[in-house]
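Residues per chain are reported as follows:
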Amino acid sequence: MTFRIRPAVMSDIGAIDQMLLRSYPRLLKADYPPSVLVTALPLMTKAQPKLIMSCTYFVAEDDQGLLLGAGGWTADIPGRLRERQEGRANIRHFVTDINALRRGVAGALMDHCIETASVFGATWMHCMSTRTAVPFYAARGFETLGPIDVPMGPGVVFPALEMRRDL
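An account of the accompanying structure is given in this report. Bear in mind that the values here come from a model prediction, so they are computed numbers and not experimental data.

Structural notes on the overall build of the protein chain
When helices and strands are counted, the protein chain shows 5 helices and 7 strands. For the protein chain, the α and β elements follow one another from N to C terminus as β-α-α-α-β-β-β-α-β-α-β-β. In summary, the protein chain has a C-alpha radius of gyration of 15 Å against a globular reference of 15 Å for 167 residues, a match within 12%. Its C-alpha atoms put the protein chain at 40 × 35 × 30 Å along the principal axes. A buried classification covers 47% of the 167 residues belonging to the protein chain. By sequence separation, contacts in the protein chain at least 24 residues apart represent 64% of the contacts at least 6 residues apart. Surface summary for the protein chain: the accessible area is close to 8900 Å², and the carbon and sulfur share equals 55%. In the protein chain, the 18 positive side-chain charges and the 16 negative ones have mean positions that sit 4 Å from each other.

Set out below in structure tokens:
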């Protein structure tokens with residue numbers, strides 16, 4: 001499969017929303033009960049304009065411009081605007097289109113994130129992984145630190161796993 005990685009732009013929001021909406025419900029279904037998904041998915045399946053404007057959020061697209069995946073990193077700690085930790089880069093909102101799984105899209109996006117974060121001085125990466133994505137992150141060198149509850153909004157908490165990788 002041929003694809004290229006580029007920085008996401010605001011005009012990608014609709015396509016990212018559609019990819020998230022197509023993929024997350026199907027990918028997460030086996031690892032989360034319906035009671036969690038019914039409250040979390042409406043929040044998880046929306047592109048985040050602040051991430052897109054960060055210039056460190058990327059998309060993978062095919063030769064026809066169809067988005068196959070998205071993901072990025074920020075120096076700011078998720079949920080803590082302008083709070084940073086020395087050397088830390090935070091993996092943000094990774095997704096591969098359900099129709100493009102197992103074709104190297106997520107791995108290429110992760111390699112690009114690691115490379116760009118390193119250029120900006122990051123020495124380690126942090127992520128809050130879904131249960132579903134733990135094997136992917138582990139294969140990319142991340143170690144599980146333990147379970148974490150990710151607050152997503154009033155009364156909405158998403159169970160995840162905190163992971164880390166040195167660069």
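Comments concerning the packing of aromatic side chains
The full count for this structure, using the stated rule, is 4 aromatic pairs. Ring centres of Phe136 and Tyr137 lie 5.2 Å apart, and the angle between their planes is 65°; this geometry places the pair in the edge-to-face category. For Tyr137, a relative accessible area of 6% puts it in the buried group. Members of the aromatic cluster, joined through ring pairs, are Phe136, Tyr137 and Phe142.

A word on the pairing of strand 3 (residues 67–74)
With 8 of 8 residues buried, strand 3 is to be regarded as a mostly interior element. Here strand 2 (residues 57–61) runs beside strand 3; their pairing, made up of 5 bridges, is antiparallel. Looking at the pairing, Glu61 lines up with Leu67 of strand 3. Relative to strand 4 (residues 88–96), strand 3 is paired through 5 bridges, and the arrangement is antiparallel. Directly across from Gly69, in strand 4, lies its bridge partner Thr96.

Considering the environment of Cys113
The topology assignment puts Cys113 in helix 4 (residues 105–119). In this structure the C-alpha to C-alpha distance between Cys113 and Arg88, which are 25 residues apart in sequence, comes to 13 Å.

Observations concerning the side chain of Thr130
Looking at where Thr130 falls in the secondary structure, it is placed in the loop between strand 5 (124–129) and helix 5 (134–139). Those residues in contact with Thr130 that sit more than four places away from it in its chain are Leu28, Tyr32, Met44 and Phe158.

Observations concerning the sheet that holds strand 5
Spatially, the 7 strands line up as an open sheet ordered 1-2-3-4-5-7-6, and their pairing is mixed. Two strands close off the open sheet at either side, each with one partner strand: strand 1 (4–7) and strand 6 (143–153). Within this sheet the neighbouring strands show an average axis-to-axis angle of 30°, counted without direction. One ladder, built from 6 bridges, connects strand 5 with strand 7 (residues 156–166); its direction is antiparallel. Following the sheet pairing, Trp124 is matched in strand 7 by Asp166. Strand contacts of helix 1 (residues 13–28): strand 2, strand 3, strand 4 and strand 7, with the helix running at about 85° to strand 4, the strand carrying the most contacts. Strand contacts of helix 2 (residues 34–44): strand 4, strand 6 and strand 7, with the helix running at about 65° to strand 7, the strand carrying the most contacts.

What counts and how
Numbering of residues starts from 1 in every chain and runs along the sequence as written. Local features in this predicted model are restricted to residues of pLDDT 70 or higher, and side-chain atom pairs are both shown and tallied only at a pLDDT of 80 or more, whereas totals for entire chains, interfaces and linings draw on every residue. With hydrogens and water excluded, all non-hydrogen atoms of the structure serve as input to the side-chain values. The helix count covers DSSP runs of H or I at least four residues long, the strand count covers runs of E at least two residues long, and both are numbered beginning at the N terminus. As defined in this context, the radius of gyration uses C-alpha atoms, and a globule is described by 2.2 Å times the residue total to the power 0.38. A simple rule labels every residue: compare its accessible area, found with a 1.4 Å probe on the protein chains alone, to the largest value its type can have, and call it buried under 20%, exposed over 50%, or partly exposed in between. Working rule for contacts: check all heavy atoms of both residues, and any pair within 4.5 Å makes them a contact. Computed by Shrake-Rupley with a 1.4 Å probe, the accessible areas treat only the displayed protein chains as cover when residues are assessed. We score Asp and Glu as negative and Lys and Arg as positive, and we do not count His or the chain ends. Where a charge sits is defined by one atom per residue type, namely NZ (Lys), CZ (Arg), CG (Asp) or CD (Glu). Aromatic pairs are defined between Phe, Tyr and Trp rings, using the six-membered ring for Trp, whenever the two ring centres lie within 6.5 Å; interplanar angles under 30 degrees are classed as stacked, those over 60 as edge-to-face, and all others as tilted. Strands were regarded as paired on the criterion that DSSP finds at least two bridges between them. Lines fitted to C-alpha atoms define the axes here, with helix axes fitted over just the stretch in contact, and angles between the N-to-C directions of these axes take values from 0 to 180 degrees.

Any functional reading would require information beyond the geometric quantities listed.
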